[in-house]
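Listed here are the chains, written in short residue letters.
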Amino acid sequence: MSGADMLSVRVSKKTVEAQGIQSFELVDAQGAALPAFTAGSHIDVFLPGGLIRQYSLCNDPKETQRYVLGVLRDPASRGGSQAMHDAVNEGDVLQISRPKNHFALAPGAKSSLLLAGGIGITPILCMAEQLAQQHAPFEMHYCTRERERTAFFERISGAAFAAQVQFHFDAGAPEQKLDIPALLANPEAGRHLYVCGPKGFINAVLDQAKAAGWPADQLHCEFFAGEEVKALAGDGSFEVKLASSGKVITVAADTTVVKALADAGVEVLTSCEQGVCGTCLTRVLEGEIDHRDQYLTPEEQAANDQFLPCCSRATSPLLVLDL
Ligand code: FES
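Residues numbered from 1 in each chain as written. Predicted model: local features only at pLDDT ≥ 70, side-chain atom pairs only at ≥ 80, totals over all residues. Heavy atoms only, no water.

## Brief notes about the sheet that holds strand S19 (residues 318–321)
One open sheet holds the five strands; their spatial order is S14-S13-S19-S15-S17, and the pairing between them is mixed. Of all strands in the sheet, those bounded by a partner on one side alone are strand S14 (248–251) and strand S17 (306–307). Note: strand S13 (residues 238–242) against S14, four bridges, orientation antiparallel. Among the inter-strand pairings, Lys241 is bridged to a residue of S14, identified as Val248. (Pairing = 2+ DSSP bridges. Helix = DSSP H or I, 4+ residues; strand = E, 2+ residues; numbered from the N terminus.)

Given below as structure tokens:
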């Protein structure tokens, strides 16, 4: 990432929002306005210890004086959420990227259905703020394990759009739990669905929506980084060839393309290393890709001309890369 894409910010406030969840308010280190963003945007945060993690912005997108992040301490963390909770404090200066948006609201939607599971509330809350300001019709459902783990409960309960939000607690009474099949039973033209949260929650929502006949272009989701890329049973080795030099590199069954390239002295810029952020996107000129990412759309994957080498592999013996 070039210096022009980086921002220096100061942590102006760190707040416990719920059990295991803290929010971080970031302001420009020199006191200037921050670049504007739209609902669904995230930033890369360069953490102490050299990690880079993506976090959605959850404040009102009309604010340019601050960015607010919500971070769940993930017990299975590979260090990112722990570093945010333990090593980032009020007054610290951090480097971040400019906001990027891979989870934008569809322009001109007739109505929107927003579904958040756990810490997946962060981009969804930002969407609710933006839709409320635009007086656009929407309904929001926020599922958590229990009230104590529900970040931003007071903020949402006191918001102008509170009447459009329903909370659902896994540990609560059966009648208040989210009935996904009932909610998604009747797709409508122009009604867009947005879902963010744990992988199981997102998949349950998307599978149900597809089964109920929702068109794919009305479904929008954002996965979080969190699961380490693992080799699957049956993964074999294959080769990648660099189009610029003709150099051929073997990718062993138990490594990734990015690591094999790095071992051969070829650096590909990465960030999440889990197929979520898109940083390592690389053009493929020949060969068949085995897509393992959550970043490309099914149509983009089917085009077979680009892949995320931090996680994706090959089904053919050779991939020719535009490197
Ligand atoms: Fe994030 Fe590859 S590094 S998708």
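## Focus: the confidence of the model for the chain
When the pLDDT values of the chain are averaged, the result is 92; 95% of them are 70 or greater. Per-element confidence in the chain ranges from a low mean pLDDT of 88 for strand S4 (residues 52–56) to a high of 98 for strand S9 (residues 138–144). (pLDDT = per-residue confidence, 0-100.)

## Regarding the packing of aromatic side chains
Tallied over the entire structure, the rule returns six aromatic pairs. Seen from their ring centres, Phe103 and Tyr194 are 6.2 Å apart, and the 70 degrees between their planes marks the pair as edge-to-face. Here Phe103 is found in the loop between strand S7 (100–101) and strand S8 (111–117), whereas its partner Tyr194 is found in strand S11 (residues 191–196), with 91 residues between them in sequence. There is no split in this pair, since Phe103 and Tyr194 are both buried. Consider the rings of Tyr142 and Phe167, whose centres lie 5.8 Å apart with planes at 45 degrees: the pair is tilted. Placement of the pair is Tyr142 in strand S9 and Phe167 in strand S10 (residues 165–169), with a sequence separation of 25 residues. Through pairs of rings, three or more aromatic residues link up here, namely Tyr142, Phe153, Phe167 and Phe169. The ring of Phe153 carries Arg147 above its face, with NZ or CZ at 3.8 Å from the centroid. (Phe/Tyr/Trp six-rings, centres within 6.5 Å; stacked < 30°, edge-to-face > 60°. Buried < 20%, exposed > 50% of the residue type's maximum accessible area, 1.4 Å probe, protein only. Lys NZ or Arg CZ within 6 Å of the ring centre and 35° of its normal.)

## Some remarks on unusual backbone geometry
The backbone phi angle of His135 is positive, close to 55 degrees, even though this residue is not glycine. The backbone of Asn304 sits at a positive phi, close to 60 degrees, despite the residue not being glycine. Here Asn304 shows up in the loop between helix H7 (298–303) and S17.

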